[in-house]
Amino acid sequence: KQDMDGIAQLTFVALYGEPPASLGLEALPLPDSMLEFVGNVFAPYLRADAVVSAWPGAGPLPGPDSGLHLVYVYGHAWIASDGPCVAWRNGSESQLATGSELVRLLVAPERAKNTVLILDCCHAAAFDASVATSEPPRLCIYACGAEEAAIALHREEATRLALALGRELRGARESVDLIQV
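Residues numbered from 1 in each chain as written. Predicted model: local features only at pLDDT ≥ 70, side-chain atom pairs only at ≥ 80, totals over all residues. Heavy atoms only, no water.

Asker: What is the right way to read the pairing of strand E7 (residues 115-121) from this model?
Answerer: The side chains of a regular strand alternate between the sheet's two faces. Within E7, seven of the seven residues are buried, which leaves it mostly tucked inside the rest of the structure. Of the two faces of E7, both are covered, the one formed by Thr115, Leu117, Leu119 and Cys121 as well as the one formed by Val116, Ile118 and Asp120. Sheet analysis places strand E3 (residues 68-75) next to E7, joined by seven bridges and oriented parallel. Opposite valine 71, over in E7, you have leucine 117 as the bridge partner. (Buried < 20%, exposed > 50% of the residue type's maximum accessible area, 1.4 Å probe, protein only. Helix = DSSP H or I, 4+ residues; strand = E, 2+ residues; numbered from the N terminus. Pairing = 2+ DSSP bridges.)

Asker: Is there a simple way to explain helix H2 (residues 99-106) in this structure?
Answerer: Among the residues making up H2, those that are buried are Gly99, Leu102, Val103 and Leu106. End-on, the buried residues of H2 take up no more than an arc of 95°, which puts them together on one face. Buried residues in H2 make contact with strand E1 (7-15), E3, strand E5 (83-90), strand E6 (93-98) and helix H3 (128-133). (Arc of directions from axis to C-beta. Contact = heavy atoms within 4.5 Å.)

Asker: What should I look at first to understand helix H1 (residues 31-42) in this one?
Answerer: A turn of α-helix holds 3.6 residues, and therefore any two residues three or four places apart point the same way. Between the first and last C-alpha of H1 there are 16 Å, a value that for twelve residues agrees with the 16 Å anticipated at 1.5 Å per step. Looking at H1, one finds that the buried residues are Pro31, Ser33, Met34, Val38, Gly39, Val41 and Phe42. Each element contacted by the buried residues of H1 is listed here: E1, strand E2 (46-54), E3, E7, strand E10 (158-159) and helix H4 (160-170). (Expected span 1.5 Å × (residues − 1).)

Asker: In this structure, what is going on with the nonpolar core? I would like to understand it.
Answerer: Side chains of nonpolar character tend, in soluble globular proteins, to be buried together. Counting residues in each nonpolar core, the largest one holds 22 residues, and the members touching the most others are Leu15, Val73, Val86, Leu102, Leu106 and Phe127. Taken together, the elements giving at least two residues each to this core come down to E1, E3, E5, H2 and E7. Contact partners of leucine 102, with chain neighbours within four places excluded, come to Leu15, Trp55, Val73, Val86, Trp88 and Phe127. One finds Phe12, Leu68, Tyr74 and Leu163 within the second-largest nonpolar core, a separate group that totals 20 residues. (Core = buried A, V, L, I, M, F, W, Y, C linked by side-chain atoms within 4.5 Å.)

Asker: What am I meant to see in the environment of serine 130 here?
Answerer: Positionally, serine 130 belongs in helix H3. Taking C-alpha positions, serine 130 is 8.5 Å from arginine 104, a pair spaced 26 residues apart along the chain. Setting aside residues up to four positions removed in sequence, serine 130 forms contacts with Pro84, Gly99, Ser100 and Val103. A distance of 3.1 Å separates polar atoms of two side chains, one belonging to serine 130 and the other to serine 100. (Polar contact = N/O pair within 3.5 Å; in protein donor to acceptor, adjacent residues only side chain to side chain.)

Below, the structure is given as structure tokens:
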């Protein structure tokens, strides 16, 4: 029996490569800030021996031998003729890939049932076909619809999804100071 109590590994995947300049994409909060924010959001759910790391951008993503593997993908994605595309860094080199190629690198078929994949990027739901073509993860969370933009908030150095997950997981409820009728 596998130990499923808590998250055994949290891997942060920064889609912070160089997308085509013709897209005119805005700068995002730095990946290091987002990694820290995401780590804090999920810290109460990490096992004592959990590993928190950033994917270096090379090769398939290794996962834990047992327990849940939370893969948090953050950054730019855009739609091309063959579906969603992304860019990340492998050292100083920018790598371009399709959504299917990215999912194959991040969700190993033998560990898919223990993987939670969070896609915090524009056009996140457009990855649905890519997720469905491989062995699907236990759970996949999309920041937005296939034709929508995810929202990055520079002042907070986080995204709307990361902030919402943090509030929800803390059990915080929003309050209203003024209502106009």
